[in-house]
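Notes for the structure review
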Amino acid sequence: SSTFGDSQRPFRSLAQVLPEDSDEYQYQQQQQSQQPTEFTWEVTDAMSVIQLLDPGIDLRESYRSLIAAFNQAGEILIPFVLAFENDDFPAFLARLENCKRGIEIPDGFVAHSTYWLVRDQCEVVGVSNVRHALTDRLRREGGNIGYGIHPGARRQGLGVTILQQSLIRAAE
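First, a word on scope: everything that follows refers to the structure included in this document. The structure presented is a predicted model; accordingly, all values stated were derived computationally and were not measured.

**Looking at helix H6 (residues 158–171)**
Compared with an ideal rise of 1.5 Å per residue, which puts 14 residues at 20 Å, H6 spans 20 Å between its outermost C-alpha atoms and is within 8% of the ideal. Burial within H6 is extensive, with ten of its 14 residues counted as buried. Along H6, the residues classified as buried are Leu158, Thr161, Ile162, Leu163, Gln164, Gln165, Ser166, Leu167, Ile168 and Arg169.

**With respect to the pattern of salt bridges**
The tally for this structure, following the rule as stated, stands at eight salt bridges. The salt bridge involving Arg169 is made with Asp54; its shortest N-O contact spans 3.7 Å. Of this pair, Arg169 sits in helix H6 while Asp54 sits in the loop between strand E2 (49–53) and helix H3 (60–72), placing them 115 residues apart in sequence. A residue is classified by how much of its surface remains accessible, and Arg169, at 9% relative accessible area, is buried. Judged by relative accessible area, Asp54 falls into the partly exposed class, the value being 32%.

**What to know about the pairing of strand E5 (residues 145–149)**
As a general feature of sheets, a regular strand has side chains that alternate between the two faces. When you tally the buried positions in E5, you get five out of five residues, the bulk of the element. On E5, burial covers both faces: Ile145, Tyr147 and Ile149 on one face and Gly146 and Gly148 on the other are all buried. Bridge count for strand E4 (residues 123–131) against E5 is five bridges, and the pairing is antiparallel. Each residue of the ladder has a partner; that of Val127, found in E5, is Gly148.

**Remarks on the packing of aromatic side chains**
Summed over all chains, the structure comprises seven aromatic pairs. Aromatic side chains Tyr63 and Trp116 sit 4.7 Å apart centroid to centroid with 15 degrees between the ring planes, which places their arrangement in the stacked category. Linking Tyr63 in helix H3 with Trp116 in strand E3 (residues 112–119), this pair joins segments that are 53 residues apart in sequence. The residues Tyr63 and Trp116 share a single accessibility class, namely buried. Note on Trp116: relative accessible area 0%, which makes it buried. Each residue in the set Tyr63, Phe89, Phe92 and Trp116 is aromatic and connected to the rest through ring pairs, giving one cluster.

**Overview of the environment of Ala73**
Tracing the backbone shows Ala73 in the loop between H3 and helix H4 (89–101). Remark: the alpha-carbon pair of Ala73 and Gly152, spanning 79 residues in sequence, is separated by 9.6 Å.

**Regarding the pairing of E2**
With four of its five residues buried, E2 lies for the most part within the structure. Of the pairings in the sheet, the one linking E2 to E3 comprises four bridges and is antiparallel in character. Within E3, the residue paired with Leu52 across the bridge is Leu117.

**Considering unusual backbone geometry**
In this chain, Ile78 is followed by Pro79 through a cis amide linkage whose omega measures 5 degrees. Inspection of the secondary structure assignment puts Pro79 in the loop between H3 and H4. Even without being a glycine, Gln121 presents a positive backbone phi close to 60 degrees. Its location among the elements puts Gln121 in the loop between E3 and E4. The class for Gln121 is exposed, based on a relative accessible area of 60%.

**Remarks on the nonpolar core**
By size, the foremost hydrophobic cluster in this structure holds 20 residues, and its most contacted members are Tyr63, Leu82, Phe84, Phe92, Trp116, Val124 and Val127. Only H3, H4, E3 and E4 provide two or more residues apiece to this core. The biggest single contributor to this core is H4, with five residues. Once residues lying within four places of it in the same chain are set aside, the contact partners of Phe92 are Tyr63, Val81, Phe84, Glu85, Asn86 and Trp116.

Criteria and thresholds
Residues numbered from 1 in each chain as written. Predicted model: local features only at pLDDT ≥ 70, side-chain atom pairs only at ≥ 80, totals over all residues. Heavy atoms only, no water. Helix = DSSP H or I, 4+ residues; strand = E, 2+ residues; numbered from the N terminus. Expected span 1.5 Å × (residues − 1). Buried < 20%, exposed > 50% of the residue type's maximum accessible area, 1.4 Å probe, protein only. Salt bridge = Lys/Arg side-chain N within 4 Å of Asp/Glu carboxyl O. Pairing = 2+ DSSP bridges. Phe/Tyr/Trp six-rings, centres within 6.5 Å; stacked < 30°, edge-to-face > 60°. Core = buried A, V, L, I, M, F, W, Y, C linked by side-chain atoms within 4.5 Å. Contact = heavy atoms within 4.5 Å.

Next comes the structure, spelled out in structure tokens:
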């Protein structure tokens, strides 16, 4: 993945993550074409359901726990929207909606959508940010999609899942 200001991690396309001739890729493409415009992608295992959702107030505490985990691990908040002030959570959600619409974004930034990777409808385990366009600077460093996975939820395939689903959202 690549994020704003992070050139250490190269951008990976869906084709690099999942070969187009694989059965899983074909299945996902078929499922995507059958989904309504607003959908949540579900990955199930024996224990949990993982969905890529729009941010919502009902997951406020879990989102804050995710940020605390990044801070406790001494990690940079990636994607950059994790650094947005969220004490007033409705205002924070309104800011994310404005960013999606390209309203009140700083110079040099572009409209961008934020999504939360949620386990079992109650735990935010990742955040992705999809830029709607690229500036020359973002083409060199940053790219279209940035994402971060909760430090305690890594090595479970969630990075691949959030990138795959963010690519689908980017194509919508």
